[in-house]
Each structure stands twice: as structure tokens, then as C-alpha cells.
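A look at the structure
The lines below spell out each chain.
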Amino acid sequence: FDALVRWGGPAAKAAVAALARPVLAAAESGDGAARRCVEDQASILAARIAAGLRKGALPDDVPIVVSGSLIEKSRLFREAVESKLGRTLADPALQG
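This is a predicted model, so every value here is computed, not measured. One numbering rule holds for all chains: residues counted from 1, following each sequence as written. The predicted nature of this model means local features are confined to residues of pLDDT at least 70 and side-chain atom pairs, given and counted, to a pLDDT of 80 or more, with totals for whole chains, interfaces and linings taken over all residues. The basis for the side-chain values is all heavy atoms of the structure; hydrogens and waters are excluded.

Another point: helix α6 (residues 75–85). Each residue is placed in one exposure class: buried if its accessible area under a 1.4 Å probe, protein chains only, is under 20% of its type's maximum, exposed if it is over 50%, and partly exposed if it falls in between. Comment: elements are numbered from the N terminus, with helices defined as DSSP H or I runs of at least four residues and strands as E runs of at least two. Within α6, burial applies to Leu 76, Phe 77, Arg 78, Ala 80, Val 81, Glu 82 and Leu 85. The contact criterion used is simple: two residues touch if any of their non-hydrogen atoms lie within 4.5 Å. Along its buried surface, α6 packs onto α3 (20–28), α4 (32–55) and α5 (69–73). One or two residues past the end of α6 sits Gly 86, with phi positive at roughly 80 degrees.

Pasting the structure below:
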């Protein structure tokens, strides 16, 4: 883990992002450490969404639409974000 942290500091954003899919796959296969990574990142994203809702003084029932390959393709990550946020995210395909 320490070696990964040292590598991650100066690593290019794309190199770090490339780890997301293998970590998600490991989490979906039951790896506890990978699952904690997914949960941690879901908590961070949910907190940012909640902060945006508060800052925008948006009503509680406003649809929350997010995009990006991880949240669109990983049910585990999407459900983790929804759980942390306490709400269901809107499907971007339905927000025409």
C-alpha cells in the first residue's frame, strides 16, 4: 500500500484513473480492501453532490443526474453513492 501511495503522488491522472476498473472488479468479486476503496470514493462523491445541492439551495426533490463511465457502468459504485447520499440518482438517458 505504501508503494502505491508513493507512486500515486506524481503519477499522471490517467494512470491513477486506470486503476478504477480493476479495483471495481476486485470489489465486485468480494475483495474487502477494494470494497472499502469503492465505499470511500462513493462517500467522497456523495459529499460533493450534497454540498452542491446545499450551495445551490436546491429543493429536496430535484433530480440528481451524474455522468461518467464508472457511475454509468458500475452498479456497485452507483448503489454505493446512492446509499451514502440517501437518494436515487436520476438516469441521465431519461433526462432528455
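Moving on: the pattern of salt bridges. One side-chain nitrogen of Lys or Arg within 4 Å of one carboxyl oxygen of Asp or Glu is enough to make a salt bridge. Under the criterion given, the structure shown has four salt bridges. Across the pair Glu 39 and Lys 84 runs a salt bridge, and its minimum N-O distance is 3.1 Å. Taken together, the residues Glu 39 in helix α4 and Lys 84 in helix α6 connect sequence positions 45 residues apart. A salt bridge links Glu 82 to Arg 78; the nearest nitrogen and oxygen atoms lie 3.6 Å apart. Taken together, the residues Glu 82 and Arg 78, both in helix α6 and four residues apart, mark about one turn of the helix. Here the two residues Glu 82 and Arg 78 agree in accessibility, since each one is buried. Counted as one network, the salt bridges with shared partners bring together Arg 35, Glu 39 and Lys 84.

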